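A closer look at the structure
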Amino acid sequence: MSEPEIRLMEEADLAEVVAIEKEAITPPWSEQAFRESLGLEHTILLAAIQDGQVAGYCVCYQSFEEGEITNVAVKKELRGQGIAGKLLEKLCSYGKERGLERYILEVRADNEPAIHLYERSGFTRVGIRKGFYEQPVEDAVIMVKG
């Protein structure tokens, strides 16, 4: 397998992105939600392309100097290869160019692999949002970097 190329997401990526979203996120975003986000000036949507296919992606909304990371997902069979870490690294370098100084995200409290990924990427736990997630109802760990 080749090293993934991390680049801005394109409309042509959406079908593969939505397929990954459906296996990774509950409840998943629709293709329309991704399409609408692609067209917004204050969003950063990145795709990891490996061997000609979307291997993973991330979504970040910019509000002044803060970025809210809403989605990070990698194809199930490609997890554990560092793709999500590379996406976050590229997001932070791209965000810096756009003036982002701080990032915030929520992650399911029982998603230890993701929490460890974020910690390795420089995020720290700063709080809990009780009952934040639905399907199933679960607390969220709030994490911040910057």
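All residue numbers refer to positions counted from 1 along the written sequence of the respective chain. For a predicted model such as this one, the threshold for reporting local features is a pLDDT of at least 70, and the threshold for listing and counting side-chain atom pairs is 80 or more; totals across whole chains, interfaces and linings nevertheless cover every residue. Note that water and hydrogens are dropped before the side-chain values are worked out from all heavy atoms of the structure.

With respect to unusual backbone geometry
Our working definition: Starting at the N terminus, helices and strands are each numbered in turn, a helix being any DSSP run of H or I of at least four residues and a strand any DSSP run of E of at least two.
Put simply, Thr26 and Pro27 share a cis peptide bond, and its omega is -10 degrees. Following the sequence through the fold, Pro27 ends up in the loop between α1 (14-24) and α2 (31-38). The amide bond that connects Gln135 to the next residue, Pro136, takes the cis arrangement and shows omega of -5 degrees. Looking at where Pro136 falls in the secondary structure, it is placed in the loop between β6 (124-133) and β7 (138-145). Notably, Asp51 is not glycine yet its phi reads approximately 50 degrees, a positive angle. Inspection of the secondary structure puts Asp51 in the loop between β2 (43-50) and β3 (53-63). One non-glycine residue, Gln135, lies in the positive phi region at around 55 degrees.

Notes on the state of the cysteines
Note the cut-off: For the purposes of this analysis, a disulfide is any pair of cysteine sulfur atoms at a distance within 2.5 Å. Three labels apply to residues, based on accessible area from a 1.4 Å probe with only protein chains included: buried if under 20% of the type maximum, exposed if over 50%, partly exposed otherwise in between.
Applying the stated criterion across every chain yields a total of zero disulfides. Free of any disulfide, Cys58 has its nearest cysteine sulfur in Cys60, 7.5 Å distant. Left unpaired, Cys92 is separated from the closest cysteine sulfur, that of Cys60, by 8.2 Å. A relative accessible area of 14% means that Cys92 is categorised as buried.

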